[in-house]
Amino acid sequence: MHGLINRAIQCFVTDSYGPEKWADAARWAELGLVDFESMLTYEDSMTHRAIDAVCHVLNRPRTDIMEDIGTYLVSHPNTEALRRLLRFGGVNFVEFLQSLDDLPDRARLAVADLELPTLEVRDHSAVQFSLVTSSSVEGFGHVMMGLLRTMADDYGALVVLEHQGGGQGSETISISLVMTEFAEGRRFDLGARMS
Amino acid sequence: MIGRNATAGYLDVLCPMHVIVNRSGHIVHAGPTVQKLHSGKPVVGQRFLEMFVLKRPRALSSVEDLRKAAGTKLHLQLSIAPYTALKGILMPGPQEDQLLVNLSFGISIIDAVRDFELTSADFAATDMAIEMLYLVEAKSAAMEASRKLNLRLQGAKIAAEEQAFTDTLTGLKNRRAMDHILARQIEADCKFAIMHIDLDFFKAVNDTKGHAAGDYVLQVVSRIMVEETRETDTVGRVGGDEFIVMLPNGPSESALFGIGERIIDKLEAPIMFQGDECRVSASIGSAFYSPGCNLSAEALIANADVALYASKNAGRAQQTFYSPELEHAEDPASDVQRYRQVH
């Protein structure tokens, strides 16, 4: 799996729990390294072992960890670049949601060898959607739960999310939009310079 | 029929950066994004060619000239700060004698979104501007990650080179390694010897047969030195065609002499490279370290150098043992002569 994905897991642990916890997890997973390089590619099994190790070291259920990773990805100051890139997807939460279909292609435009899990958004009504994810990483749907919840806050929308389970690598999340402009949301300045 | 106001309304959505110019050259309508370019001042009523400087095609100065340029690409610049570069295209307007000019930021988009605080709503839904901004940001982030990786790899490479102890061409120890080994020997303060070996005629091989031949000769010569020394001895390449052998466990003068003779003999056999015969020889200077002599590694190598210099002066393919008299000897080769006479 791409280094950016592995690095995201590492940075989540380092930024949230400190470098020692990550070092513990890397040792427990027998990764043979401490630092993932974001621009290299690693064997898929290393990613799976890393996630198992993080759950073990932090002693928390996999679903919680996965959801926290999703939240971390779009809320931590260190990952502001990613939040901005996602915000380019649409001017409101519904547009953003509908842009998720294109997310793997958008990611590939930026980093040609970055393969993201497949995402499929289905519109059931103007306020009812479902997102189907398919990934070899078990529990990836929970990453999207955390990410969607945080992005909804970012846009100021009020949504209700429910993980509906799944199987064979596929997971489904139901998304109910309660209010599009519930709160002010966070500002998105097109011209802000990322440092 | 579509009414005049309806047309302007459509255009505001389809081309938010358009202006309509009347026959006197004044702007009579401007799309919502153009309004943002004029720092709050009204755009309608401005003369088009005063608000925008036409950079290309250059010669156009009147509305009549502009009309003739219909369909050609215009390069414009905002006449007030921040002097943003714009691209435009012009066609006859919705009413007689009017001109319709549609503008775009082109490559200046990155600065423009910041300078004018533009948002997604300022661009037509079909405009690629937002995708372009996304790509610039995504690519910059990816480049930055790659740049950091390159810096780390470069740092690791330099560190690895600095820590290397092996001469990559010959597989022998390098100068750095020899410095370490000598320092350790001196610290142990036991009797040992070093031989400083310098190839003779190697430059001629390099010059006449090429560097590939020279490299091959160095590899063969290195193998010979390793074969002709004892297991416990260490051979290092310390310069282009310079070698140092460290011989521990206090070898006798005669044993040392025997090793030197065998190395010179073997080296002098022709070395075949791609059907070409390469011939070299070697001069050797040797020096002993005795316990309690308080010689530094540098001083010991300097002694061996003095002896090596004597060998060279004596006509090459010679070996000499260091003795203090050599430093002043008029004929430095005498020492070898003396040695040969003795043995």
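An account of the accompanying structure is given in this report. Just so we're clear, the structure is a prediction, and the values are computed from it rather than from any experiment. (Residues numbered from 1 in each chain as written. Chains lettered and ligands numbered in written order. Predicted model: local features only at pLDDT ≥ 70, side-chain atom pairs only at ≥ 80, totals over all residues. Heavy atoms only, no water.)

### Regarding unusual backbone geometry
All names here are of chain B.
Move 1: The peptide bond linking R56 to P57 adopts the cis configuration, its omega dihedral lying at -5 degrees.
Move 2: Within the secondary structure, P57 is located in the loop between β3 (52-56) and α4 (63-68).
Move 3: The amide bond that connects A81 to the next residue, P82, takes the cis arrangement and shows omega of 5 degrees.
Move 4: Position of P82 among the secondary structure elements: in the loop between β4 (73-78) and β5 (85-92).
Move 5: Although it is not a glycine, N249 sits at a positive phi angle of roughly 60 degrees.
Move 6: Structurally, N249 is set in the loop between β9 (242-247) and α10 (253-268).
Move 7: Relative accessible area serves as the criterion here: at 60%, N249 is assigned to the exposed category. (Helix = DSSP H or I, 4+ residues; strand = E, 2+ residues; numbered from the N terminus. Buried < 20%, exposed > 50% of the residue type's maximum accessible area, 1.4 Å probe, protein only.)

### Observations regarding a nonpolar patch on the surface
Residues and elements named next belong to chain A.
Move 1: A cluster of nonpolar side chains, namely V160, V178, M179 and F182, defines an oily patch on the protein surface of about 370 Å² accessible area.
Move 2: Locating M179 in the fold gives a position in strand β4 (residues 170-179).
Move 3: The exposure class assigned to M179 is partly exposed, which follows from its relative accessible area of 42%. (Patch = residues over 30% accessible without salt bridge, like charges linked within 9 Å, V, L, I, M, F, W, Y side chains within 5 Å. Areas by Shrake-Rupley, 256 points an atom, 1.4 Å probe, with all protein chains shown as cover. Salt bridge = Lys/Arg side-chain N within 4 Å of Asp/Glu carboxyl O.)

### So, the pattern of salt bridges
Move 1: Counted according to the given criterion, the structure contains 32 salt bridges over all chains.
Move 2: Among the salt bridges present, the one from B:R114 reaches B:D111, with a minimum N-O distance of 3.6 Å. Taken together, the positions of B:R114 and B:D111, both in helix α5 (residues 109-115) and 3 residues apart, correspond to about one turn of that helix.
Move 3: For B:D111, a relative accessible area of 38% translates into the label partly exposed.
Move 4: Measuring nitrogen to oxygen at the nearest pair gives 2.9 Å for the salt bridge that ties B:K203 to B:D207. Placement of the pair is B:K203 and B:D207 together in helix α8 (residues 202-209), with a separation of 4 residues, close to one helical turn.
Move 5: It is possible to trace a salt-bridge network through shared partners that takes in A:E80, A:R83, A:R87, A:D154 and A:R186.

### A closer look at the interface of chain A and chain B
Move 1: Between chain A and chain B, the residue contacts involve 18 residues of the former and 20 residues of the latter.
Move 2: Buried surface at the junction of chain A and chain B, both sides included, amounts to about 1,800 Å², of which 63% is carbon and sulfur.
Move 3: Across the chain A-chain B interface, the total number found is 2 salt bridges.
Move 4: A salt bridge links B:R152 to A:E37; the shortest N-O distance between them is 2.4 Å.
Move 5: Applying the counting criterion to the chain A and chain B interface returns 5 residue pairs in polar contact (both at pLDDT 80 or more).
Move 6: At the level of elements, α5 (80-87) and α7 (103-110) of chain A are the ones that each hand at least two residues to the side of chain A that touches chain B.
Move 7: The residue inventory of the side of chain A that touches chain B, partitioned by class, reads 12 nonpolar, 2 polar and 4 charged. (Contact = heavy atoms within 4.5 Å. Buried area = accessible area lost by both parts, 1.4 Å probe. Polar contact = N/O pair within 3.5 Å; in protein donor to acceptor, adjacent residues only side chain to side chain. Nonpolar A, V, L, I, M, F, W, Y, C, P; charged D, E, K, R; others polar.)

### Points about the pairing of strand β1 (residues 118-123) of chain A
All names here are of chain A.
Move 1: The sheet contact formed by β1 and strand β2 (residues 128-134) spans 6 bridges and is antiparallel. Residue pairing across strands places E120 opposite V132, the latter belonging to β2.
Move 2: Where β1 folds back on β2, the antiparallel hairpin that results is connected by 4 residues. (Pairing = 2+ DSSP bridges.)

### Some thoughts on the environment of B:F243
Residue and element names in this part refer to chain B.
Move 1: Mapped onto the fold, F243 is located in strand β9.
Move 2: When its relative accessible area of 0% is taken as the criterion, F243 is described as buried.
Move 3: Through-space distance from the C-alpha of F243 to that of I197 is 5.0 Å; in sequence the pair is 46 residues apart.
Move 4: When sequence neighbours within four positions are dropped, the list of residues in contact with F243 reads L172, M195, H196, I197, L199, L218, V221, S222, M225, G236, R237 and V238.

### Describing empty space enclosed by the protein
All names here are of chain A.
Move 1: Counting across every chain of the model gives 1 cavity of 30 Å³ or more.
Move 2: Lining the largest cavity are L85, L86, F88, G89, S99, L103 and R106.
Move 3: Sorting the residues of the lining of the largest cavity by element identifies α5 and α7 as the ones contributing at least two each.
Move 4: When grouped by side-chain class, the residues that make up the lining of the largest cavity number 4 nonpolar, 2 polar and 1 charged. (1 Å grid on protein atoms, 1.4 Å probe; cavity = no way out; pocket = protein on both sides within 12 Å on 5 of 7 lines; lining within 4 Å. Points joined across faces, edges and corners; volume = space filled by probe spheres on them.)

### Observations regarding the packing of helix α2 (residues 19-28) of chain A against helix α3 (residues 44-58) of chain A
Geometry of a packed helix pair, given as the angle between the helix axes and the separation of the axes.
All names here are of chain A.
Move 1: Two numbers describe how α2 lies on α3: the axes approach to 8 Å, and their chain directions differ by 125 degrees. When the axes of α2 and α3 are compared, the pair comes out oblique. Here the hand of the crossing between α2 and α3 comes out right-handed. Along the contact surface, α2 presents K21, W22, D24, A25 and W28, while α3 presents A50, D52, A53, V54, H56, V57 and L58.
Move 2: When grouped by side-chain class, the residues that make up the contact of α2 with α3 number 8 nonpolar, 1 polar and 3 charged. (Axes fitted to C-alpha atoms, helices over the stretch in contact; angles between N-to-C directions. Parallel < 35°, antiparallel > 145°, perpendicular 65-115°, else oblique. Left-handed = near helix turned anticlockwise from the far one by under 90°.)

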